[in-house]
Amino acid sequence: MRRDVFQAIADPTRRAILILIAAQAMTPNAIAEHFDCTRQAVSNHIKILTECKLLDQEQAGREMIYHFNLNKLKEVADWLAPFQRMWEERFDKLDNLLENLKKETK
Amino acid sequence: MKNQTKIIADPGKQELFIIREFDAPRELVFKAFTTVELLEQFFAPNNRVTKYEYFNCHDNGSYKYATCDENGKILCVFKGAIHEVAAPERIIQTSELDGLPVKGHVVLDAMTFESIDGNKTRLTIHDVCISVSDRDMIVNSGMEGGLVQIFDKLETLLAEQIKN
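What counts and how
Residues numbered from 1 in each chain as written. Chains lettered and ligands numbered in written order. Predicted model: local features only at pLDDT ≥ 70, side-chain atom pairs only at ≥ 80, totals over all residues. Helix = DSSP H or I, 4+ residues; strand = E, 2+ residues; numbered from the N terminus. Buried ≥ 20, exposed ≤ 12 C-beta atoms within 10 Å, placed from the backbone. Contact = placed C-beta atoms within 7 Å. Expected span 1.5 Å × (residues − 1). Core = buried A, V, L, I, M, F, W, Y, C linked by C-beta atoms within 7 Å. Pairing = 2+ DSSP bridges. Axes fitted to C-alpha atoms, helices over the stretch in contact; angles between N-to-C directions. pLDDT = per-residue confidence, 0-100. Parallel < 35°, antiparallel > 145°, perpendicular 65-115°, else oblique. Nonpolar A, V, L, I, M, F, W, Y, C, P; charged D, E, K, R; others polar.

A. Focus on the overall build of chain B. The helix and strand tally for chain B stands at four helices and eight strands. Going residue by residue from the N terminus, the α and β elements of chain B occur as β-β-α-α-β-β-β-β-β-β-α-α. Out of the 164 residues in chain B, the part that is buried amounts to 30%. A separation of at least 24 residues holds for 37% of the contacts in chain B among residues at least 6 apart in sequence.

Written out as structure tokens, the structure is:
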């Protein structure tokens, strides 16, 4: 389940959809208007995001509205870990770079 | 023993902090963050390449860089305005993911370089977002990192660390 969430947000279009819906709940048509890809492709992304519960569906009359489920993201254990890992990788490289720069300036 | 990276992202806040010490004088650390050839050597996470389109590193300056995978495929592009470059202690800039369908998800990014014990440096990156959900999104998605790969790699890295 946890892996599903990460896979869902690894795709740039799905991240863009999440950012869009985080700002405002939307219908699938309104979402699709923001993207160049086909409605079919967008609706497939929405399906994946809904399946891993990052989006909540709400029936409003004849239309379906999608909400962003922030709590789902927060459920992910160690939510900081990947972000921290990314910065650690950068800083480890910087450590090596600084060692080289120190040798050069000596 | 490696210097630890500390991330502070309190729930419900629009800000986050990234804090790390380096065993090098702050002039050198500052240089690494203000020289494009050096930035390109370290700023990408593993198996990624950072390539700057432009980097006008001075007051009222600007920057734009792409993070690519090993095959050169662009994964994401970040750009921003550089507000202040106060050598060797502070850089203040904005940062925005390029190509989003909605504009305005911009981050204020203040980097402070403190000299400690003469030959060490403490770097504090203070990011302030437009909204709490933006902040959470940045932390959660690891936008620049390519989360899945990082995660796949985690076990290997941990195993290596245990060996060392």
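B. View of helix α2 (residues 12–23) of chain A. Between its first and last C-alpha atoms α2(A) spans 17 Å; for 12 residues at 1.5 Å apiece the expected length is 16 Å, and the two agree. Those residues of α2(A) that fall on the buried side of the exposure criterion are R14(A), R15(A), I17(A), L18(A), I19(A), L20(A), I21(A) and A22(A).

C. Highlighting the nonpolar core. Counting residues in each nonpolar core, the largest one holds 50 residues, and the members touching the most others are L18(A), I21(A), L98(A) and V29(B). Leave out the neighbours within four places in its chain, and L98(A) touches F22(B), A24(B), L28(B), V29(B) and A32(B).

D. Representation of the sheet that holds strand β7 (residues 106–116) of chain B. Within the open sheet, the eight strands sit side by side as β1-β2-β8-β7-β6-β5-β4-β3 (chain B). Their pairing is antiparallel. Either end of the sheet is taken by a strand with one partner, and the two such strands are β1 (6–8) and β3 (48–56) of chain B. The mean angle between the axes of side-by-side strands here comes to 20°, regardless of whether they run parallel or antiparallel. Sheet topology places strand β2 (residues 15–22) of chain B next to strand β8 (residues 120–129) of chain B; eight bridges connect them, and they run antiparallel. Paired with I18(B) across the strands is I125(B), a residue of β8(B). Across the face of the sheet, helix α6 (residues 81–105) of chain A comes into contact with β1 and β2 of chain B while running at roughly 30° to β2(B). Each of β2, β5 (74–86), β6 (90–97), β7 and β8 of chain B is contacted by helix α1 (residues 26–34) of chain B, which is oriented at about 155° to β7(B), the strand it contacts most.

E. Summary view of the confidence of the model for chain B. All names here are of chain B. Looking at chain B, pLDDT values average 83 and 85% of them are 70 or higher. Here helix α4 (residues 147–163) stands out as the least confident element of chain B, with mean pLDDT 38; β7 is the most confident, with 96. Every residue in residues 143–164 scores below 50 in pLDDT, and together they form 33 contacts with partners more than four places removed in sequence or on other chains. Among the scores for the predicted complex, ipTM is 0.74 and pTM is 0.66.

F. Geometry of the packing of α2(A) against helix α4 (residues 39–51) of chain A. All names here are of chain A. Where α2 contacts α4, the two axes come as close as 10 Å, and the packing angle between them is 75°. As summarised for this structure, α2 and α4 are arranged roughly perpendicular, according to the angle between their axes. Within the contact between the two elements, α2 uses T13, R14, I17 and L18 and α4 uses H45, I46, I48 and L49. Residues of the contact of α2 with α4, tallied by class, amount to five nonpolar, two polar and one charged.

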